Amino acid sequence: MAAAALLANQEASSKENVKVAAGKNAVRKPVVISTWKFGLEANEAAWKILKDKGRALDAVEAGVMVPEADPKERSVGYGGRPDRDGRVTLDACIMDEFSNIGSVAALEFIKHPVSVARAVMEKTPHVMLVGEGALQFALSQGFKKENLLVEDSEKEWKEWLKTSNYKPVVNIENHDTIGMIALDEMGNLSGACTTSGMAYKMHGRVGDSPIIGAGLYVDNEVGAATATGHGEEVIRIAGCHLVVELMRQNRSPQEACIEAVNRVVNLMKLRKKELKDIQVGFIALDKNGEHGSYCVQRGFNYAVCDATGNRLIDADYHLK
Ligand code: ASP
C-alpha cells in the first residue's frame, strides 16, 4: 500500500478507536433502575421527572411511592403484610448526591414511609427515627394516620396464625422490597428503598432496607446500589456499601454485585446455613449509567428505564 494510503488508513482506524472508546465511556443518562416487576410502574413515575431534567432525588421518591400506595402490592407500604402480631410496620430510607440521608424503621400507620424518611433527612438533625418516635414525627409533619392492613392481608395473617411458623418462602411474595436508584441529567445519583419487611416477622424486627450501607448506598463519585431479599444476610455484609466500594475499585456494576453475592454465599457456608432457603439480590448503577445485578437464586428481576424505554431484566444468579 502506498505510504499516503497507509497513513489515511491508520488515521481512519485511530479515529474509529477514539469513537469506540468514547462510546464505551459515554455517560448514559438519565437512567433509573429498580427491583422486581413492580419496578416497571415505579420507573414510569420516576422517568416523568428525569426526562424533564428533574433531580434524581425527586425521581426516586416519586417512583417508590407508586408501590407504596398500591394495596395490591403486599410487600411495600399500604397493603403490606403484617408482622406476627398483625401490625404493618414499614421501613424506608433515602440518600442523595450530597450524602444526605434519612431513614425510618418500624413505622406504623403511614402510607408513604419514604417521604417520612425524606423529611427526617431534610427537617431534623438526625438520620434515623424508629417506631413510636417516627410516627410522632410523621404526624407532626402533617402525614395522615391510616390503617394499612388490607382485608386480604388480614385474612392471610389469620390463616398463618394457625401454624405460626416463620419460614420466609424464597421469591414468593412474603418478602419483596422496592429499591430504586437513578442518575439524572446533571449526572447526579440518588436512591430510595422501602418495604414492609419480612411477612410475620417478630414485632420490632428491622431488616436491611432502612439501613444506609445495607439496603441502599449512594456515592455520587462512584455509583449506587440497592438490595432485596433476606435482610439479615444483607446487613451481615453491609451489602450496598460493599457493592459501591467494589465499583470504586473499578469493578463493573455487574462484577460488584457478583462479588457481594459471593460474600453472602461464603458466610452462609461458614455458618452452615442452607443457601437454597434464602434470596438476596443486588442492583447497581455506576456514574456512567451502566447497570448490573446478581442474586442468590433464580427468580429475581429488575426494571431499567432510559431514553430507549422501560424493560424488565432477569438477574443472573449463583445457584445454577
Ligand atoms: N430486604 C427486606 C427485608 O429484609 C425484604 C425483601 O426485600 O424481601 O426486610
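As the structure is a prediction and not an experimental result, all values here were calculated from the model. (Residues numbered from 1 in each chain as written. Predicted model: local features only at pLDDT ≥ 70, side-chain atom pairs only at ≥ 80, totals over all residues. Heavy atoms only, no water.)

Trainee: So what exactly am I meant to see when it comes to the packing of helix H8 (residues 239–248) against helix H9 (residues 253–270) here?
Mentor: A pair of packed helices can be characterised by two numbers: the angle between their axes and the separation between those axes. At a closest axis distance of 8 Å, the pairing of H8 and H9 adopts a crossing angle of 135°. The angle between the axes of H8 and H9 places the two elements in the oblique class. In this structure, H8 meets H9 at a crossing whose hand is right-handed. In contact with Leu242, Val243, Leu246 and Met247 of H8, H9 contributes Pro253, Ala256, Cys257, Glu259, Ala260 and Arg263. Residues belonging to the contact of H8 with H9 are distributed by class as follows: eight nonpolar, no polar and two charged. (Axes fitted to C-alpha atoms, helices over the stretch in contact; angles between N-to-C directions. Helix = DSSP H or I, 4+ residues; strand = E, 2+ residues; numbered from the N terminus. Parallel < 35°, antiparallel > 145°, perpendicular 65-115°, else oblique. Left-handed = near helix turned anticlockwise from the far one by under 90°. Contact = heavy atoms within 4.5 Å. Nonpolar A, V, L, I, M, F, W, Y, C, P; charged D, E, K, R; others polar.)

Trainee: So what exactly am I meant to see when it comes to the packing of helix H4 (residues 113–123) against helix H5 (residues 131–140) here?
Mentor: Two numbers describe how H4 lies on H5: the axes approach to 10 Å, and their chain directions differ by 85°. It follows that H4 is roughly perpendicular to H5 by the angle criterion. Of H5, the residues touching H4 (which contributes Val116, Ala119 and Val120) are Ala134, Phe137 and Ala138. Here the contact of H4 with H5 is built from residues that sort into six nonpolar, no polar and no charged.

Trainee: Explain the sheet that holds strand E3 (residues 101–107) here, please?
Mentor: Each strand in a sheet pairs with its neighbour through backbone hydrogen bonds, running either in the same direction (parallel) or in the opposite one (antiparallel). With mixed pairing, the eight strands of this open sheet are ordered in space as E4-E3-E2-E6-E5-E1-E11-E12. Among the strands making up the open sheet, the edge pair consists of strand E4 (128–130) and strand E12 (309–314). Along the sheet, successive strands turn relative to each other by an average axial angle of 10°, direction set aside. The pairing of strand E1 (residues 31–35) with strand E11 (residues 301–306) spans four bridges and is antiparallel. By the bridge assignment for E11, Ile33 is matched with Val304. Strand contacts of helix H2 (residues 39–51): E1, strand E5 (178–183), E11 and E12, with the helix running at about 155° to E1, the strand carrying the most contacts. Across the face of the sheet, H5 comes into contact with E3 and E4 while running at roughly 105° to E4. (Pairing = 2+ DSSP bridges.)

So, to be careful, I would describe these as geometric facts and stop short of saying anything about function.
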